[in-house]
Amino acid sequence: MTLSSLHYFILSAILFAIGGIGVLVRRNVFVIFMCVEMMLNAVNLSLIAFARYLNQADGQLLVLFVMAIAAAEVVVGLAILVALHRKRPTTDADEMNVLRG
Amino acid sequence: MLNYAWLVLIFPLVGVIINAFFGRYLGKRGAGILASAMVGLSFIGAVWMFAELLGLEDRVVTRPLFDWISVGDFNVQVKLLIDPLSSVMAVVVSGVSFLIHIYSIGYMAHDERFVRFFAYLNLFVFAMLTLVLAENLLVTYVGWEGVGLCSYLLIGFWFERKAAADAGKKAFLVNRVGDVGFALGLMLMFVTFGSLSMSQVLEQAMVVRLMPGVATAIALLLFVGAVGKSAQIPLYVWLPDAMEGPTPVSALIHAATMVTAGVYMVARTHTLFALSPTALTWVAAIGGITAFFAATIALTQHDLKRVLAYSTISQLGYMFLGVGVGAYAAGIFHLTTHAFFKALLFLGAGSVMHALAGELDIRKMGGLRNKIPVTFWTFLIAALAIAGFPGLAGFFSKDEILWQTFANGKTLLWALALLTAGLTAFYIFRLVFTVFYGESRVDKKVAAHVHESPKVMTVPMAFLALFSVIAGYIGVPKILGGGNWIEHYLDGSLGWHTPEAAIAETAHASAGTEWALLILSVIVALAGIGLAYVVYVRRTDLPTRVAKSLGGLYTFVYNKYKVDEFYMAVIVKPLRAVGKFFAESVDGPVVDGIAEGIAALVALIGRGLQVLQTGLARNYALGILVGAVLLLAYALVR
Amino acid sequence: MAIDLQVLAPEAIILAFVLITLFIYALGSKRSTTLMGWLALAGVVLAGAASLYYWGDTALTFQGMVAADGYGLFANLVFLLAAGLAILMGLEAVRRFDLPAEVFVLILIATLGMMLLGSAVNLVAVFLALEILSIALYVLTASERDEWRSLEAGMKYFILGGFASAFLLFGIAMIYGATGTFSLAGVAAQGASLSTLREAPLLAAGLVFLLIGFAFKVALVPFQMWTPDVYEGAPSLVTAFMSAGAKAAGFVALIRILETAFPYWRTEWGWALAVIAVLTMSWGNMAALGQRSVKRMLAYSSIAHAGYIVIGVAVAARTGYASVLFYLICYTLMNVGAFAVVMAMGRKGEPNEGLDDYTGLIRRKPGLALAMALFMLALAGIPLTAGFLAKLYVFSAAVVEGYAWLAAVAIVNAVISAYYYLRVAARMFFGEARADAAPVHVSAPLGFVVALTALATVFLGVYPTPLLEFIQAAIRPLVGF
Amino acid sequence: MLEIILFACFGLAAIVGAIWVILGKNATWSALGLLINFCSLGALYIMLNAPFVGLIQFIVYAGAIVVMFLFVIMLLMVARGEGQDKKPVQRYAGIALAVLLAAGLVYVAVGAAMPHGALPATPQDNVRVLGLTLFSEYLLPLWMAGVLFLIGMIAVVMLAKRKREA
């Protein structure tokens, strides 16, 4: 048996699903953020694997950009969280439900 | 003038703009006069157009205004179509509107939203004339929606009253149901003919071999729209409630013009209807049944305007019966005469309300004959006209429809229509007699102030009365020595001789039958009036008076009274029972119920969806995941 | 390596103005906020002019990352229209709602993202452009930073946006794995021989995940749940901007991707989108029926409109795409107009978004009430307004392309929607304002926005031909002649 | 063979890290799981002939992002757990659907022609190739990434700064 992108892809799908479950079941905003990051990372794994078995640099470059995006995203998310926390000290996503209906 | 036909449309629009933006600087009188003058100018233009058209050989004239949409295959040109049909409608619409505008200056004099009222009214005239004069059905649809909007705004004009606001909403909802049909019909038409231009569609309809059922589908969908706008079964429910609007609105929109748009539309697209006997049968049947059904309900109502509203529904049924049997000209003829006398009846009702401080219950009226003589006489003329009294407008037009129905072989519908004619005479004279005759049952306080309406109101009524008398003479049938001028004139638009019309033409030969039917309908009308007289006048005061003064005749009168009892028991009471049944069991729970049920169901689903909107982000994420799984499954299964 | 910078002139201009406004911000004098607003507006206008100036030049640039073609340049105009109107609203909002001056910069950056998204022909550029747009919008949503509602909306949008982005990225990864390229044309070349989804499951799954990302952005059922909350919580100018601009960007890019990279699966995605269209418009309309808040009602209505628009994508033909572009312009006008009125009603801490707040508005502010009534009529699709023609055009495209049933469902939906739109109009016309109703103030820029959108709504409803011809020319690079 | 063993080890570690994150009692614990996850992935990248990206993974993710998380967690001083879910429907449905989705993706991948055979570029070339491609073909995305960081900066300044006094 030799490894191929299939195996990495399956691993990536599993990690993606775990990250997804985290977003769905956790209520702590930090953990939700982390789970979104994990989902992005799971995809990165696929990209790197594809790039490796296609023998291209493109996939790796997209991963670099995703990292940049992730960094910017986390910064923005945490900034919003800090501002929210100032109004009401909570990190429970379920308490952010004033808007509904 | 034909080259400037757009002016007819523009005048009311100018009125809207001026009144909407500068109305408050004009003052009440100024705003009213301006609005009326604009419609008056429109009327002059319409008459001018009509006269010019008379002088032409080929009486179908189109005048392009501008390209509305023009991309690829999709082409909509805003174009006016001036032909005998639209010119007659334009004259009727602008004429009646003009008179009612003037009447409104007096009627609405004390309303604080006077200026807005006239802006709406002008907007309505603009939309209605657009509907009438449009060459492209999409533009017709614009007018169609426009009149609906104005109707909605004007029914709810006195929105402080909950009933008025509710009525506006109801009218809107029910009309939208019809509009869906109309829009779908237009779409199907576009797919079938590749155009919505009236002339192209009608030409194509003659040439293209349609798939079976397509013509029927288009015609029936258009008819659904007509049923909504013209208040036929089962979408008539909004019209009685629409009486919550100011009375001039009832007269103009909900009697004379807008509600006849459905009839006009069927006549306008008659070629399509002619292609589908099934659709025509539906039109005739719905028309006939509605005519009878609404007339029975009219028997039982105590609200003056509601009786007139049901009467309008019934008369619209007549018109549909006419167009449904292929007698398009007869339908339009009745539309024309009806516009005059029904508008007059409403204006009369308005005048009565004016005199009685807004009272509408006919049980609290009576004996007004001498107190408001002008109103009485004009109302009487209109009543005679609608009842089909020989020589008045309604007589000729109604008789033409009856005759054409009979000649068309729809004997059952004819019998129903004849019966309805009798009922019509009966219920309308029930109004005349209870309102204007007998003892005054008016409140003491109100009675002291009963007064005739001002000239600004009575003069328009007098004009309408005049038309109610003479309008019929444009369509005197051959056997009465006339040339049935209107029918020949309308041939210019409606002259695609359809089989039905041809049958009617040949059947004309048997003059004997026609005479017989004519006399029969006169008898029925007179019987209706007579019965009403007996029931609502004689039974109450005649017996005692006659007994005193004439003595010897007393027994005779007494016996007559017995006959009245008999009439009451055998004819009137069962009829009333039927009417009551319709009014209470069918009208309310069933028809309203279905409409409201659908609305409630939609609202319920909406509330269900709102429950899903929990405000929790993770629930929303779950929604995304559900969608992802479903889409992925679709991709894998496909 | 030829990089023809001038074909990206509109984007470059926006970027330049981002830097200029930031510079002014850094100087931070008292009047700088207003100045930043006007500078941002100038940038938008200049970028629009540049888009028109380069009209007709079709060029791939940055090694085939973006295509500066007529389609992209036309899309630029839609985004810039939304941005310009939003900035004008912002000029008032920074004073009235004490929004920070950064909103102008962020609007410019989001517009930059939209423009790049509309021109991108490479999935890497698509993803980055979408992220620029999204992240700028998260911040904009939360920009009324002393209001809980705004921050909560920003947070929800952020969490769900990140979640959806992950799907989009996974889609891109799968497409890359299946075809070995990020370029749309390359994907098309690889897939040209395919006829069914099963022949290339990885590519098909990639397309599905890509669709999810875009369906989230343009708020299609069931990826739309964030929309009402975020639209309600965000400052009105941001809601207007994203409901018009971001939605337009999503649709523009979606059409380009589907048409360029996946033409061989037209039937497949066409049907999926058709079903989604039915769900979306029905959901939006039914949920809007019971709303008491005008702003939230407009949020649901924007879902419904996304449903109408996606019909044009689903029918997947020249007429369909043209109808989408036309719809986007019309929707931008009437929707931004409506949100401008919503904003005019509000004051700091008192949004006044309830239906009751609009009661009797015709007495208090006749001009504003008339304009709002016009927007409601237009959104409901009443004739002689842009909204009517937009709907007509989409529906007739559906009929012509054999999706008549879809058009029929859409018409029924349009009828339902008329009820809640006209309820607002009815409230304004029929009814007495509460005695304690807050005074409504309309400043010059806001009045300008309302007047401009109202006039344009009517104008396009009566005389759309020039615009339609323009659109026909714009979609030529995409679908050929 | 070694490759397979390494894949299994790091893959398992990544999964354990991921589960750790979603089971973590509080955010700090979760951050630790995240670190494990990120590092395992970094190792896998290096295995996949992407040493540069792998290193960046360590530096940016494990180094910067996780630290930033921890930093803000400390800043807000929230270490408390979260209450039990009132409606477990969401949890079960979520897990079931996520598993279904992963299963669907596995099914897709097994049935598809996955890329497997190309010769890997030599690791020494990796950075050079990346650099060349980045600054030629991917110049525009690079430029766009710059704009992204700009947004991050603006966001922090805007949201985190105290309000001006009125």
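Scroll up to find the structure this text is about.
For the structure given in this document, a descriptive report is provided here. (Residues numbered from 1 in each chain as written. Chains lettered and ligands numbered in written order. Predicted model: local features only at pLDDT ≥ 70, side-chain atom pairs only at ≥ 80, totals over all residues. Heavy atoms only, no water.)

Here we look at the pattern of salt bridges
- Taken as a whole and judged by the stated rule, the model has 23 salt bridges over all chains.
- Here B:K170 and B:D241 are joined by a salt bridge, their closest N and O atoms 3.0 Å apart. Placement of the pair is B:K170 in helix α5 (residues 162-193) and B:D241 in helix α8 (residues 238-241), with a sequence separation of 71 residues. Accessibility classification places B:K170 together with B:D241 in one group, the buried group.
- In this structure, the salt-bridge partner of C:R266 is C:E259, at a minimum N-O distance of 2.5 Å. (Salt bridge = Lys/Arg side-chain N within 4 Å of Asp/Glu carboxyl O. Helix = DSSP H or I, 4+ residues; strand = E, 2+ residues; numbered from the N terminus. Buried < 20%, exposed > 50% of the residue type's maximum accessible area, 1.4 Å probe, protein only.)

Some remarks on a nonpolar patch on the surface
- A grouping of B:Y4, B:W6, B:I10, B:L65, B:F66, C:F459 and C:Y463 is seen on the molecular surface, where their side chains present a nonpolar patch of about 650 Å² in accessible area.
- Elements represented by at least two residues in the nonpolar patch include exactly α1 (6-54) and β1 (61-71) of chain B.
- Here B:I10 is to be found in helix α1. (Patch = residues over 30% accessible without salt bridge, like charges linked within 9 Å, V, L, I, M, F, W, Y side chains within 5 Å. Areas by Shrake-Rupley, 256 points an atom, 1.4 Å probe, with all protein chains shown as cover.)

Here we look at the interface of chain C and chain B
- Facing the 68 residues of chain C at the interface are 55 residues of chain B.
- Both faces combined, the contact of chain C with chain B buries some 5500 Å², and carbon together with sulfur accounts for 77% of it.
- Of all residues in chain C, the largest losses of buried area upon contact with chain B belong to C:M225, C:M286 and C:F430, amounting jointly to 12% of the total for that side.
- Here chain C is connected to chain B by 0 salt bridges.
- At the surface where chain C touches chain B, the tally comes to 6 residue pairs in polar contact (both at pLDDT 80 or more).
- Take the side of chain C that touches chain B: its biggest share by element is 13 residues, from helix α17 (residues 404-429) of chain C.
- For the side of chain C that touches chain B, the class distribution of residues is 52 nonpolar, 8 polar and 8 charged. (Contact = heavy atoms within 4.5 Å. Buried area = accessible area lost by both parts, 1.4 Å probe. Polar contact = N/O pair within 3.5 Å; in protein donor to acceptor, adjacent residues only side chain to side chain. Nonpolar A, V, L, I, M, F, W, Y, C, P; charged D, E, K, R; others polar.)

Notes on the side chain of A:N44
- Mapped onto the elements of the fold, A:N44 is located in helix α2 (residues 29-54).
- Overall, A:N44 belongs to the buried group, its relative accessible area being 0%.

What about helix α16 (residues 393-407) of chain B?
- The terminal C-alpha atoms of α16(B) lie 21 Å apart, and with 15 residues this matches the ideal 21 Å at 1.5 Å per residue to within 8%.
- Immediately beyond the C-terminal end of α16(B), within one or two residues, lies B:G409, with a positive phi of roughly 90°. (Expected span 1.5 Å × (residues − 1).)

Quick word on the packing of helix α10 (residues 236-261) of chain C against helix α13 (residues 318-345) of chain C
Residues and elements named next belong to chain C.
- At a minimum axis separation of 8 Å, α10 and α13 run at an interaxial angle of 170°. Considering their axes alone, α10 and α13 lie roughly antiparallel with respect to each other. Between α10 and α13, the residues in contact are S236, L237, T239, A240, S243, A244, K247, A248, F251, V252, I255 and E259 and Y321, V324, L325, L328, Y331, T332, N335, V336, F339, V342 and M343, respectively.
- The residue makeup of the contact of α10 with α13, split by class, is 16 nonpolar, 5 polar and 2 charged. (Axes fitted to C-alpha atoms, helices over the stretch in contact; angles between N-to-C directions. Parallel < 35°, antiparallel > 145°, perpendicular 65-115°, else oblique.)

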